[in-house]
Amino acid sequence: MFLASTSFWLDQMVNGLTIGSMYALIALGYTMVYGVLKMINFAHGEVFMLGSYAGFGILVAFGGESIAGPMVAVAIAVAMAGAALASASTSVVLERIAYRPLRNAPRLAPLITAIGASIFLQFLVLDVTSAKASFYPRIFPGGSIVIGAFRITYLQLFLIGCSVAMMLFLSAIIQRTAVGRSIRAVAENRTAAALMGIDVDRAIVTTFVLGAAMAGVAGVLWGLFFLQIRGSMGFLPGIKAFTAAVLGGIGSIPGAMVGGYFLGLAETVGREALSTIPGLNFPNEWRDVIAFSLLVFVLLFRPTGIFGELVSRRA
Amino acid sequence: MRNPGPRRWRWMLLVALTAVLTAAMVACGGDDEEGGSSAAGFKTVTIQAGQPIKIGISSVISGDLESLGVPIAQAAELAGKDVQIQGFSIAFVRKDDGCSSEGGVNAATQLIQEGVVAVVGPICSSSVVAAQPEYEKAGITHISPSATAVVVTAPARGTPFATTLRIPANDGLQGIAQAKFAYEKLGARKAYIVHDTDVYGTGLADSFAKEFQRLGGTIVGREGYEKRTTDFSSVVTKIQQQNPDLVYHSGFYAEATPFIQQLRRVLPNVKFLSGDGVRDDEFLRGAGKDAEGAYLSQPSPPAPGPEFDTFKKKFQEAYGEDPSDSPFTAEAYDAATVIVRALQEVAQKDGNNLRIDLRKLNEAMRKQKFAGASGPVEFGENGDNIGKASIEISFYVVRNGKFEPVQ
Amino acid sequence: MPDIRLWLKVPPRRDVIRRLVPVAAVGLLALVPAIPFFTDPWLRVFFLVGLYVLLGLGLNVVVGFAGLLDLGYVAFFAAGAYLMGILTSPQSPIDLRLDFWVILPLALVLGAVVGLLLGLPVLPLRGDYLAIVTLGFGEIIRILLVNLRGITGGSQGLAAIEKPPVPGWQRIDEPWQWYYVILVAAVVVAFLSARLRDARIGRAWEAIREDEDVAAAMGIDTVKYKLLAFATGAAVGSCGGVLFASYIGFINPTSFTLQVSINVLAVVIIGGMGNTWGIVFGAFILIGVPELLQFRETADALERLGWLRTILDAPFAALDAVAPFGVWRVPEPETWGRLVADKRFIIYGALLIIVMVLRPGGLFPSRRRRLEFEAPPPAEVAEPTALAAGGSQ
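Computed from a predicted structure; not experimentally measured. (Residues numbered from 1 in each chain as written. Chains lettered and ligands numbered in written order. Predicted model: local features only at pLDDT ≥ 70, side-chain atom pairs only at ≥ 80, totals over all residues. Heavy atoms only, no water.)

## Some details on the pairing of strand β18 (residues 402-405) of chain B
Residues and elements named next belong to chain B.
Then comes step 1: By the bridge criterion, 4 bridges tie strand β17 (residues 394-399) to β18 in an arrangement that is antiparallel. Residue pairing across strands places Val397 opposite Glu404, the latter belonging to β18.
Then comes step 2: Two successive antiparallel strands, β17 and β18, enclose a turn made up of 2 residues, where Asn400 displays a positive phi of approximately 55°. (Pairing = 2+ DSSP bridges. Helix = DSSP H or I, 4+ residues; strand = E, 2+ residues; numbered from the N terminus.)

## A short note on the interface of chain B and chain A
Then comes step 1: Facing 33 residues of chain B, the contacting portion of chain A comprises 33 residues.
Then comes step 2: Roughly 2800 Å² is buried in total at the junction of chain B and chain A, and carbon and sulfur atoms are behind 46% of that figure.
Then comes step 3: Counting across the interface, chain B meets chain A through 5 salt bridges.
Then comes step 4: Here Asp290(B) ties to Arg138(A) by a salt bridge, and the two come within 3.7 Å at their closest N and O atoms.
Then comes step 5: The tally of links between chain B and chain A comes to 16 residue pairs in polar contact (both at pLDDT 80 or more).
Then comes step 6: Looking at the side of chain B that touches chain A, the elements that each hand over two or more residues are α2 (66-80), β9 (218-225), α7 (233-242), α8 (253-266) and α9 (281-287) of chain B.
Then comes step 7: Within the side of chain B that touches chain A, the residues separate by chemical class into 5 nonpolar, 16 polar and 12 charged. (Contact = heavy atoms within 4.5 Å. Buried area = accessible area lost by both parts, 1.4 Å probe. Salt bridge = Lys/Arg side-chain N within 4 Å of Asp/Glu carboxyl O. Polar contact = N/O pair within 3.5 Å; in protein donor to acceptor, adjacent residues only side chain to side chain. Nonpolar A, V, L, I, M, F, W, Y, C, P; charged D, E, K, R; others polar.)

## Describing the state of the cysteines
Residues and elements named next belong to chain B.
Then comes step 1: Taken as a whole and judged by the stated rule, the model has 1 disulfide over all chains.
Then comes step 2: The disulfide that involves Cys99 links it to Cys124, with 1.9 Å between the sulfurs. Torsion about the S-S bond of the Cys99 and Cys124 cystine: about -105°, corresponding to left-handed handedness. One end of the pair, Cys99, is in the loop between β4 (88-96) and α3 (101-113); the other, Cys124, is in the loop between β5 (118-120) and α4 (125-138), and 25 residues separate them in sequence.
Then comes step 3: For Cys99, a relative accessible area of 17% translates into the label buried.
Then comes step 4: Look at Cys124 and you get buried, because its relative accessible area is 9%. (Disulfide = S-S within 2.5 Å. Buried < 20%, exposed > 50% of the residue type's maximum accessible area, 1.4 Å probe, protein only.)

## Side note on the side chain of Asp97(B)
All names here are of chain B.
Then comes step 1: Summarising the element assignment, Asp97 is placed in the loop between β4 and α3.
Then comes step 2: Polar side-chain contacts of Asp97 include one of 2.6 Å to the side chain of Ser58.
Then comes step 3: Not counting chain neighbours up to four residues away, the residues in contact with Asp97 comprise Ser58, Ser59, Val60, Gly103, Gly104, Ala107, Pro122, Ile123 and Ser127.

## So, the interface of chain C and chain A
Many descriptions give the size of an interface as the accessible area lost when the pieces come together.
Then comes step 1: At the interface, 52 residues of chain C touch 52 residues of chain A.
Then comes step 2: In total, chain C and chain A occlude about 4600 Å² of area from one another, counting both sides; carbon and sulfur atoms represent 75% of this.
Then comes step 3: A per-residue breakdown of the area chain C buries against chain A is headed by Asp128(C), Tyr129(C) and Ile346(C), which together make up 16% of the total.
Then comes step 4: Seen at the junction of chain C and chain A, the total is 1 salt bridge.
Then comes step 5: Between Lys343(C) and Asp127(A) there is a salt bridge, with its nearest N and O atoms 3.2 Å apart.
Then comes step 6: Linking chain C to chain A there are 2 residue pairs in polar contact (both at pLDDT 80 or more).
Then comes step 7: Of all the secondary-structure elements, those providing two or more residues to the side of chain C that touches chain A are α6 (127-147), α12 (258-271) and α17 (344-358) of chain C.
Then comes step 8: Broken down by element, the side of chain C that touches chain A gets its largest block of residues, 14 residues, from α6(C).
Then comes step 9: A per-class count over the side of chain C that touches chain A returns 35 nonpolar, 9 polar and 8 charged.

## Observations concerning the nonpolar core
Then comes step 1: The biggest cluster of nonpolar side chains holds 234 residues, and the ones touching the most others in it are Leu28(A), Tyr99(A), Val133(C), Leu243(C), Ile251(C) and Phe256(C).
Then comes step 2: Tallying contributions element by element places helix α3 (residues 40-65) of chain C first for this core, with 18 residues.
Then comes step 3: When near neighbours in sequence (up to four residues on either side) are disregarded, Val133(C) contacts Leu295(A), Val296(A), Leu299(A), Val122(C) and Leu125(C). (Core = buried A, V, L, I, M, F, W, Y, C linked by side-chain atoms within 4.5 Å.)

## As for the confidence of the model for chain A
All names here are of chain A.
Then comes step 1: This prediction gives chain A a mean pLDDT of 87; 97% of its residues lie at or above 70.
Then comes step 2: Taken element by element, the predicted model of chain A shows its lowest mean pLDDT in helix α11 (residues 287-301) (82) and its highest in helix α2 (residues 44-62) (94).
Then comes step 3: Note on residues 310-315: pLDDT is under 50 here. Beyond four places in sequence and across chains, it has 11 contacts. (pLDDT = per-residue confidence, 0-100.)

## Overview of α3(B)
Residue and element names in this part refer to chain B.
Then comes step 1: The end-to-end C-alpha distance of α3 is 18 Å, a good match for the 18 Å that 13 residues give at a rise of 1.5 Å each.
Then comes step 2: With 11 of 13 residues buried, α3 is to be regarded as a mostly interior element.
Then comes step 3: If you check which residues of α3 are buried, you get Ser101, Glu102, Gly103, Gly104, Val105, Asn106, Ala107, Ala108, Thr109, Gln110 and Leu111.
Then comes step 4: The opening residue of α3 is Ser100, an N-cap whose side-chain oxygen sits 3.0 Å from the backbone nitrogen of Gly103.
Then comes step 5: Phi turns positive one or two residues past the end of α3, at Gly115, with a value near 80°. (Expected span 1.5 Å × (residues − 1).)

## Considering the environment of Asn263(C)
Residues and elements named next belong to chain C.
Then comes step 1: Its place among the elements puts Asn263 in helix α12.
Then comes step 2: On a C-alpha basis, the gap between Asn263 and Tyr73 in space is 9.9 Å, while along the polypeptide they are 190 residues apart.
Then comes step 3: Excluding anything up to four places from it in sequence, Asn263 contacts Tyr52, Ile287 and Tyr348.

Dropping the structure here:
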């Protein structure tokens, strides 16, 4: 069915970019923490979830469904800021309590702690909310831009735009500022960085803060787009985002971004493309299988991911 | 590190032998389970004076499905509240089965151990299927308010379990009725199916698809999704490309809500039909305007009967929440009612104690026939609720944020 | 005067005791069902604990011995379970109804094959890459189980799975019988695993775990040994799956989620990697206790703590008496078990964090590990010694 209209493929592409943006934002947190601490922050998905809830709370405080006009922009902006703050705080607390004591323990210990933190946060929120969902107010203006066969809703545009902006912002911080430099130094060689006088602890905390802020914003974007949030929402996007980070080369920021979009597109466009092969059909339920198979495939040929450094064999 | 010699072998062999020998000893000398036949292990239970009659509830008490399992348990307990049977009160024992097969078995074993006379639950089909043999062996009749898989009353091997009963209708009937409705009432000829990959969603979709095609319609696409999915964008795009007359959904409101919202962004007018897992106030609340015009089926009479209103009032008084917020609460109430009514018929005073013959209890439960909060209750040979089958599947459409019956 | 014990070739007392202890412990465990206190519910919980001990021992070969971080162990578990299901359930496409004892060795072989298939593509991967890929595999398998309805029955699952027949007797169906099955299985696997560890394979694994490059440089065929590790661990997992499927009699994909992989990993690591009794303890704490908390016996035992409740409740009671609003009161002790059980996932998560932070080597690390993990934390600046750094971990 390749003669499916161009608009179909373009639509799927937009879908892929939209979901990919969110994977990318969340993936940044994973990749940064990994780069600096060489550990998988399994609880990052829950940090994303908490940001989403924080944003929800703020929007409700602003009036929920009754927000209108320019207040919509203000409310959303405050919600994103609040979410970033909430996520960052959670992340900092996690780092302090669960990760810092294990900084010199071999990798399995912090992995288990991270998994423990993830389970703890997820079920805590589920318990508090009695596992019921909360609904984001539908305040974002509808409507779309249509150019020939290409169409994109304002919401999708906002999502993609916001994500790209945040990523550029993060890149700027990492590349241009002193704090970013210190993060890069610690990621490259913690001991040398310490010897050079860099406050390693502060760099690490900053890493967590930045990554979590990205995830918090992603949480609000997610809520605005999918409109429904619950305590267990962080699990799957978390895993997907981590997959994206690994795909792109874990420890690499452009890698996380590329990985996120790559995964998003693979789940949508890629899946449909594979389905056009006669004899194969991959409806939606095969989505995750495609995603993970893709991961395996990429890593077979590039074990360190798309942008991964070939150096860290001892990773 | 020392090189372990052949001594290690010997020790370990000794251990293995010990285990086997002990096993043999216990086997020959240990207590025999009663009811060795393959039939149900019915026996008579005596309740001491002053003790309550225990009824078990196997549900999900914690974790992701808590919002489903807890209201069900609460509704069941409501049916036994303040009830006295020959001067004996009723106590409910809740066990968490985690909606899993091993959980169902563990919960069953514990409930049996605690001496319950009957059980409401388990709520998930997988728990029921796993636990059925346990309940059968112990002669404890259990009645599920929500398990809808076909295999529950039509086991893969052997005859249906005497101790298994259930309240909800068999999915096969709802699917057929939905297909007829779609073809005849809505005039749909091309349907796109989106379904939950779990037992309920897949079963319902299968039966709808089969009947719809038999009537002459075409299924232009079929996509599944896992529970907790929120991103339906690529499915919606696919649907848009196929341009069907009808979008058919089977699953629960948790996923139907984001699905219909995303669908309406792109196809505001395509007809939408779903089943009783979605026909819930949460769907209306979550989807808001996007739910307008959606068609939903439910295996129960068009207007909720007075029994439901009574139940709803009781529930609200006791717990302060609307039982309609959560599916299968009315069914749970009815399930417990079946047990209570049967107990009233069958329990016999024996001096100061109470005697309950589990076989008689089972028979009495199976004979129950009444108008319940969730609809008619009447059991067939295999434990299905044929009362549900005798009534038409009702259809509703969402108008102005409410469910209105379609005549 | 010459030591007469040496002359008689009697091992020194300390040695005998050390060897007797595990035997005695196993003997004690074997007697458990004979104790009337341990009714069916207990035996069922013990079976589950035993199953996780079995799985833990299998994963221990992969993670503990060879140092390969596997987050997808559930895939092997599922393989064995579904093999059993497909070959005996009347709902499967193949209506064979094979004998349990025939399927068990088949499952071992299948497990090994799946382990090899998984191991091959991930050979060059290290650390976290390996972790995420194996996680991916686990999820792929689960989704395949759901979607390949023709083969696996989809979410409907496969029911009426056969119980193992014991020649000359009945089928294994009672909880106490299953208890012995899992006990014997766990003992056998523990024994074999200990033998492997002390054999050349085990030493190769250890070398690979410590530093794969150095091991390769020393002439160890890392490919072969890594594959062997996967295959062995997978075979054990598969065996566990067969037992599980037969025990419950019904399987469907919801029993094979990522949570299972995490549980097994947690059991191994919390218990103290490489330590069999640690794994037993870990399984008991993480898998057994949450179930036991729901028991009537627990509630009854807790009832005796009424005095404790009074003490803890005193301040709340006082406040309640004077405050105009309702004050939360400490609940009755017999409900404590249930309350904790209701919150068990939250507690599970917290427990993982607490145990790891306080004892990163696990609760019962082997002596070797203790040296690795609990070397005094170095000052911020100085690079820790090679040993304490934990090398390629």
